[in-house]
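Each chain, written out:
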Amino acid sequence: MGLPSRPDRSHAAPRFGWHRDNWLGRRRQVNTGGDDGFDFFAQHRLPRRLGERRVQEALDAADRAALERLCDRLPELLPVRPACLTHGDLWTVHEGLPGGSLPAAGELGQ
């Protein structure tokens, strides 16, 4: 069974985030809402694992700085997309990539 190449737009949300935090494995996932999707992902999704011991051991200061630069460049690297209540908010970037080669959200941690 394959993943859809486009998200189900029926799950659109008025803002990025959620009314409460939740858990992703053993780590709290902060869902503080906002209107700017780039800011939301730069603050609450991309750097969320930096505090984990194994990540700290694997990434040096230059790696962390590169991630910060990536977060700063999200608006120029990705198209603006509406908020979505499923991890389809990541799936929407498939549309803009050659061959739709970005992994789905569940594949990012593997």
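The numbers attached to residues start from 1 for each chain and follow its sequence in the written order. Per-residue local features are limited, in this predicted model, to residues with pLDDT of at least 70; the limit for side-chain atom pairs, both in listing and counting, is 80 or more; totals at the level of whole chains, interfaces and linings are taken over all residues. Side-chain measures were taken over the full set of non-hydrogen atoms in the model, leaving aside hydrogen atoms and water.

J.: How should the overall build of the chain be read in this particular structure?
T.: Counting from the N terminus, the helices are DSSP H or I runs at least four residues long and the strands are E runs at least two residues long. The helix and strand tally for the chain stands at 5 helices and 2 strands. Written out in order from the N terminus, the α and β elements of the chain read β-β-α-α-α-α-α. Any residue under 20% of the maximum accessible area for its type is buried, any over 50% is exposed, and the rest in between are partly exposed; the area is computed with a 1.4 Å probe on protein chains only. Residue burial in the chain is summarised as follows: out of 110 residues, 25% are buried. The contact criterion used throughout is that any non-hydrogen atoms of two residues lie within 4.5 Å. Contacts in the chain between residues at least 24 apart in sequence constitute 42% of all its contacts with a sequence separation of at least 6. Note on areas: Shrake-Rupley with a 1.4 Å probe; residue coverage comes only from the protein chains shown. When the accessible area of the chain is evaluated, it comes to approximately 7,900 Å², of which 53% is carbon and sulfur surface.

J.: Please clarify how the nonpolar core should be interpreted in this entry.
T.: The nonpolar side chains of a soluble globular protein tend to be buried with one another. For the purposes of this section, nonpolar cores are sets of buried Ala, Val, Leu, Ile, Met, Phe, Trp, Tyr and Cys residues that join through side-chain atoms within 4.5 Å. With 10 residues, the main nonpolar core is built from Ala-13, Phe-16, Phe-38, Phe-40, Phe-41, Ala-42, Leu-67, Cys-71, Leu-74 and Ala-83. Per element, the largest residue contribution to this core is 4 residues, and it comes from helix α1 (residues 37-44). In this structure, Leu-74 is in contact with Phe-38, Phe-41, Ala-42 and Leu-46, ignoring residues within four places of it in sequence.

J.: In this structure, what is going on with the pattern of salt bridges? I would like to understand it.
T.: Note on pairing: side chains with opposite charge can pair once their charged atoms come close. Here, a salt bridge means any Lys or Arg side-chain nitrogen found within 4 Å of an Asp or Glu carboxyl oxygen. Under the defined criterion, the tally for this structure stands at 5 salt bridges. Where Glu-52 meets Arg-49, a salt bridge forms, and the shortest distance between an N and an O atom there is 3.2 Å. On the accessibility criterion, Glu-52 (18% relative accessible area) is buried. The closest approach of N and O atoms between Glu-76 and Arg-73, which form a salt bridge, is 3.0 Å. Linking Glu-76 with Arg-73, this pair stays in helix α3 (residues 61-77), spanning 3 residues, or about one helical turn. Each of Arg-27, Arg-49 and Glu-52 takes part in salt bridges that share partners, so that together they form one network.

J.: Which parts of the structure should I look at to understand the confidence of the model for the chain?
T.: Scored between 0 and 100, pLDDT is the confidence that the predictor attaches to each residue. For the chain, the average pLDDT comes to 76, and 67% of its residues sit at 70 or higher. Per-residue pLDDT, averaged within each element of the chain, yields its smallest value for helix α5 (residues 105-108) (41) and its largest for α3 (94). Across residues 88-97, where pLDDT falls below 50, the model places 29 contacts with residues more than four positions away in sequence or in other chains. Scored below 50 in pLDDT, residues 101-110 makes 13 contacts in the model with residues more than four places away or belonging to other chains.

J.: So what exactly am I meant to see when it comes to the packing of aromatic side chains here?
T.: By convention here, two paired aromatic rings are described through the distance between centres and the angle between planes. Two rings from Phe, Tyr or Trp (for Trp, the six-membered ring) form a pair when their centres are within 6.5 Å of each other. A pair whose planes differ by under 30 degrees is stacked, one over 60 is edge-to-face, and the rest are tilted. Taken as a whole, this structure holds 2 aromatic pairs when the rule is applied. Consider the rings of Phe-40 and Phe-41, whose centres lie 5.6 Å apart with planes at 90°: the pair is edge-to-face. For the pair shown, Phe-40 and Phe-41 are each scored as buried.

J.: Would you mind showing me how to read α3 here?
T.: Since the α-helix turns once every 3.6 residues, residues separated by three or four places project in the same direction. Expected helix span is given by 1.5 Å per residue-to-residue step, counting one fewer step than there are residues. Here α3 spans 23 Å end to end across 17 residues, near enough to the 24 Å set by a 1.5 Å rise per residue. We define the bend at any residue as the angle between the axes fitted to the seven residues before and including it, ending there, and the seven starting there. The principal kink in α3, of about 35°, is found at Cys-71, preceding the proline Pro-75 by one to four residues. Looking at α3, one finds that the buried residues are Leu-67, Cys-71 and Leu-74. In the core, the buried residues of α3 are packed alongside α1. A 3.5 Å cut-off defines polar contacts: any pair of N or O atoms within that distance qualifies, except that in protein one atom must be a possible hydrogen donor and the other a possible acceptor, and neighbouring residues in sequence count only when both atoms are side-chain atoms. Measuring from the backbone nitrogen of Ala-62 back to the side-chain oxygen at the start of α3 gives 3.1 Å, which picks out Asp-60 as the cap.

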